[in-house]
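Read off the chains here:
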Amino acid sequence: MEKTTHFGFQTVEESQKAKKVAEVFHSVAERYDLMNDLMSAGLHRLWKHFTIEQSGTREGSRVLDIAGGSGDLARAFAKRVGNSGQVILTDINSSMLGVGRDRLLDDGIVPLAAQCDGEKLPFPSNHFDCVTVAFGLRNMTHKDAALKEMYRVLRPGGRLLVLEFSKIWKPLQPLYDVYSFKALPVMGKLVADDEESYRYLAESIRMHPGQEELKQMMEQAGFERVEYFNLSAGVVALHKGFKF
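Every value quoted in this text rests on a predicted model; they were computed, and no experiment measured them. (Residues numbered from 1 in each chain as written. Predicted model: local features only at pLDDT ≥ 70, side-chain atom pairs only at ≥ 80, totals over all residues. Heavy atoms only, no water.)

A.B. asks: Mind laying out the pairing of strand 6 (residues 128–134), listing which residues take part and the relevant values?
C.D. replies: Burial analysis of strand 6 places seven of its seven residues in the buried class, which makes it a mostly covered element. Pairing of strand 3 (residues 62–66) with strand 6, which is carried by four bridges, proceeds in the parallel orientation. Its bridge partner lying in strand 6, Ile66 is registered against Val133. A crossover links strand 6 with its parallel partner strand 7 (residues 154–165), the connecting element being helix 6 (residues 143–153), and its sense is right-handed. (Buried < 20%, exposed > 50% of the residue type's maximum accessible area, 1.4 Å probe, protein only. Helix = DSSP H or I, 4+ residues; strand = E, 2+ residues; numbered from the N terminus. Pairing = 2+ DSSP bridges. Right-handed = clockwise from strand over helix to strand, strands pointing away.)

A.B. asks: Which residues make up helix 4 (residues 72–81), and what are the values?
C.D. replies: By the burial criterion, the buried members of helix 4 are Asp72, Leu73, Ala74, Arg75, Phe77 and Val81. Buried residues along helix 4 sit against helix 2 (32–40), helix 3 (43–53), strand 3, strand 4 (86–91), helix 5 (94–106) and strand 6. Gly82 sits one or two positions beyond helix 4 and adopts a positive phi of about 70°. (Contact = heavy atoms within 4.5 Å.)

A.B. asks: Run through the sheet that holds strand 4, naming residues and quoting values.
C.D. replies: Pairing is mixed in the open sheet, where seven strands are placed in the order 5-4-3-6-7-9-8. Single-partner strands in this sheet number two, and they are strand 5 (112–115) and strand 8 (224–231). Here the average twist between neighbouring strands, direction ignored, is 15°. (Axes fitted to C-alpha atoms, helices over the stretch in contact; angles between N-to-C directions.)

A.B. asks: So, the layout of surface pockets: which residues are in play, and what are the values?
C.D. replies: There is about 540 Å³ of room inside the largest pocket. The wall of the largest pocket is formed by 34 residues, among which Asn36, Met39, Trp47, Phe165 and Leu201 lie closest to the centre. Elements that contribute at least two residues to the lining of the largest pocket include exactly helix 1 (14–28), helix 2, helix 3, helix 4, helix 7 (173–192) and helix 8 (195–207). In terms of residues, the lining of the largest pocket owes the most to one element, helix 8, which gives five residues. (1 Å grid on protein atoms, 1.4 Å probe; cavity = no way out; pocket = protein on both sides within 12 Å on 5 of 7 lines; lining within 4 Å. Points joined across faces, edges and corners; volume = space filled by probe spheres on them.)

A.B. asks: Hey, could you go over the nonpolar core for me, with residue numbers and the actual values?
C.D. replies: Inside soluble globular proteins, nonpolar side chains tend to come together where they are buried. By size, the foremost hydrophobic cluster in this structure holds 45 residues, and its most contacted members are Leu163, Phe165, Tyr198 and Val236. Sequence-distant contacts of Tyr198, defined by excluding residues within four places in its chain, comprise Val28, Met35, Met39, Leu184, Pro185, Gly188 and Ala192. (Core = buried A, V, L, I, M, F, W, Y, C linked by side-chain atoms within 4.5 Å.)

A.B. asks: Would you mind going over the side chain of Thr51 in detail, with residue names and values included?
C.D. replies: Turning to its location among the elements, Thr51 is positioned in helix 3. For Thr51, a relative accessible area of 1% translates into the label buried. A distance of 3.0 Å separates the side chain of Thr51 from the backbone oxygen of Trp47, its partner in a polar contact. When sequence neighbours within four positions are dropped, the list of residues in contact with Thr51 reads Leu161, Leu163 and Leu238. (Polar contact = N/O pair within 3.5 Å; in protein donor to acceptor, adjacent residues only side chain to side chain.)

A.B. asks: Could you give an account of the packing of helix 7 against helix 8, naming the residues involved and the relevant values?
C.D. replies: In the contact formed by helix 7 and helix 8, the axes pass within 7 Å of each other and the chain directions differ by 155°. As far as their axial angle goes, helix 8 and helix 7 are roughly antiparallel. With respect to the hand of their crossing, helix 7 and helix 8 are arranged in right-handed fashion. Residue-level inspection shows Gln173, Tyr176, Asp177, Ser180, Phe181, Leu184, Pro185, Gly188, Lys189 and Ala192 of helix 7 in contact with helix 8, the latter providing Glu195, Tyr198, Arg199, Leu201, Ala202, Glu203, Ile205 and Arg206. Within the contact of helix 7 with helix 8, the residues separate by chemical class into nine nonpolar, three polar and six charged. (Parallel < 35°, antiparallel > 145°, perpendicular 65-115°, else oblique. Left-handed = near helix turned anticlockwise from the far one by under 90°. Nonpolar A, V, L, I, M, F, W, Y, C, P; charged D, E, K, R; others polar.)

Encoded structure:
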C-alpha cells in the first residue's frame, strides 16, 4: 500500500498531496498578497524584514529563495546583494512563481526564477551563501528530504532560514483557534472567493512541527548552531541553522 501523509486534517496518499497543495495555490495566487496583509494585519512584512536582517547577506552573496511565492524575500535580497550577487526565486507552483516573477519585473529587477520541487533542487552542491523558505516548508510532503536538499546546496559557512507558522503561546491558543477556524475561512471566501483553501491553511499550521521539533529536524539534516526566534507570541517562528 502507498504511504499516507496529511493534507490539513485529512489523510491522503503521499502521491496526492503535492497535487492538492498545487490546487490551493493556483486558486489563491492572484489574491495571495492581499490576503497576507489582511490575515496578518501587515505583520508578515515585519516577519520577512527580520528574516532578511538575520540572513548575513551582503553585496555579492548568492541566495536561494525556495517556495518564494510572490517574491517578497527575493526582491529584498536582490537589492541587498547587488549586481555582483545572485538571487534565485523558486516555487513548485507555476501560478505563484508567475506572480512573483512579474512583481520583480515591475520593480525593475530581472529575476532568475525556476519552477522546481524543494525536495529535489536542481542546483549544485555547496553553492549558496543563504537559503530561505518562508511559509512553504509546511506544504512539503517530505520535510526531512527538503531540509537535506537545502543543506546540500549551501556552501560551508552558509545558513538556512525557515520562516513558518508555529505554535502560539498557550494562553492565546483559544482565541487563535477561533480566528483560524471561524474568521479566516470567511475572509478567504469574501476576498479570494475560496473558503476551502484558507481552511486548509489553518489546518496545515496545526499539523506543522512546533519550534523544538523543527529545530531537531534541522539538526538531523546536518545543520549546526540551530536556534529559533518566536515572533508575535509564536504565531510565527524563524529558525536559523548553519552548515559547517
